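# An overview of the molecular structure
Residues per chain are reported as follows:
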Amino acid sequence: MLDPTIIFDTSGPLENPLTDELLREVQAQLGHKLPAAYVDLARRHNGGVLARDAHPSPSRTSWSAGHVAVYTLAAIGHTASFSLCGELGNAFWMTEWAYPDIGVYIADCPSAGHDMIALDYRPPGEPTVVHVDQEWDYQITVIAPDFETFLGGLVDAAEFDGDD
């Protein structure tokens, strides 16, 4: 697992440290078991603004030709507005923005809601990490086979300078 100090910027976590009880509550509300790598990271730093703010994409999106920008990773909790069960959490994206019910929306992008990163639970097994593009009729693009690979694939957006 990656060290949270290289994943998150200098701001603090969005939520207090994750407890077993809170994890059970959130997973029950979401209706999904969260990946172990997500839970492990949340136990060390529970959500926040990402220092590595881009992830390669296998195909063009409304954002760019070869990557997606990623802004904040949702905390496991319900207190902070951008926690998985917070005011701007998973349910908000599906009810207010009509994002498809494919799993759990875990990260926002700098497009102010026009694209999101989600854990896609439709295939059996470990959920894949996908980019859901509201601008392109909610096009779903797999960007990582699992959450741990997603974290390892995050890079500084400057690596994509000139990528339109």
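Preceding this paragraph is the structure being described.
These lines cover the structure that appears in this document, whether it is placed above or below. Keep in mind that what you see is a predicted model, and the values were worked out from it rather than measured. Per-chain numbering applies: the sequence of each chain, read as written, is numbered from 1 onward. Totals for whole chains, interfaces and linings use all residues, but because this is a predicted model, local features are given only for residues with pLDDT of at least 70 and pairs of side-chain atoms are given and counted only at 80 or more. The basis for every side-chain value is the complete set of heavy atoms in the structure, and neither hydrogens nor water enter the calculation.

Let us now look at unusual backbone geometry. Positioned with a positive phi, Ala112 is a non-glycine residue whose angle comes to about 60 degrees. Partly exposed describes any residue whose relative accessible area lies between the buried limit of under 20% and the exposed limit of over 50%, with all areas from a 1.4 Å probe on protein chains only and scaled to the type maximum. Exposure remark for Ala112: the relative accessible area of 61% places this residue in the exposed category. Unlike most non-glycine residues, Tyr138 shows phi in positive territory, near 60 degrees.

Turning our eyes to something else, we now look at the nonpolar core. A general trend in soluble globular proteins is that nonpolar side chains are found buried together. Judged by nonpolar contacts, the single largest core of 45 residues is most densely connected at Ile76, Leu84, Ile106, Ile117, Phe147 and Phe150. Under the scheme used here, helices are H or I runs from DSSP no shorter than 4 residues and strands are E runs no shorter than 2 residues, and both carry numbers assigned from the N terminus. Counting only elements with at least two residues in this core, the list comes to α2 (20-30), α3 (36-44), α4 (90-96), β5 (103-108), β6 (115-120), β7 (128-133), β8 (139-144) and α5 (147-153). By residue number, the principal contributor to this core is α3, which donates five residues. Setting aside residues no more than four positions away along its own chain, Phe150 makes contact with His55, Val70, Ile117, Val129, Ile143 and Ala144. For the purposes of this section, nonpolar cores are sets of buried Ala, Val, Leu, Ile, Met, Phe, Trp, Tyr and Cys residues that join through side-chain atoms within 4.5 Å. Whether two residues touch is decided by their heavy atoms; if any such pair falls within 4.5 Å, the residues are in contact.

Attention now goes to the pattern of salt bridges. Every case where a carboxyl oxygen of Asp or Glu lies within 4 Å of a side-chain nitrogen of Lys or Arg is listed as a salt bridge. Counted by the stated rule, this structure contains three salt bridges. Residue Asp20 pairs with Arg43 through a salt bridge whose shortest N-O separation is 2.7 Å. On the criterion of sequence distance, the pair formed by Asp20 in helix α2 and Arg43 in helix α3 is long-range, its members being 23 residues apart. Given the relative accessible area of 45%, Asp20 is considered partly exposed. For Arg43, a relative accessible area of 37% corresponds to the partly exposed category. The partner of Asp40 in a salt bridge is Arg44, and the shortest N-O contact between them spans 3.1 Å. Here Asp40 pairs with Arg44, and both are found in helix α3, just four residues apart, close to one helical turn.

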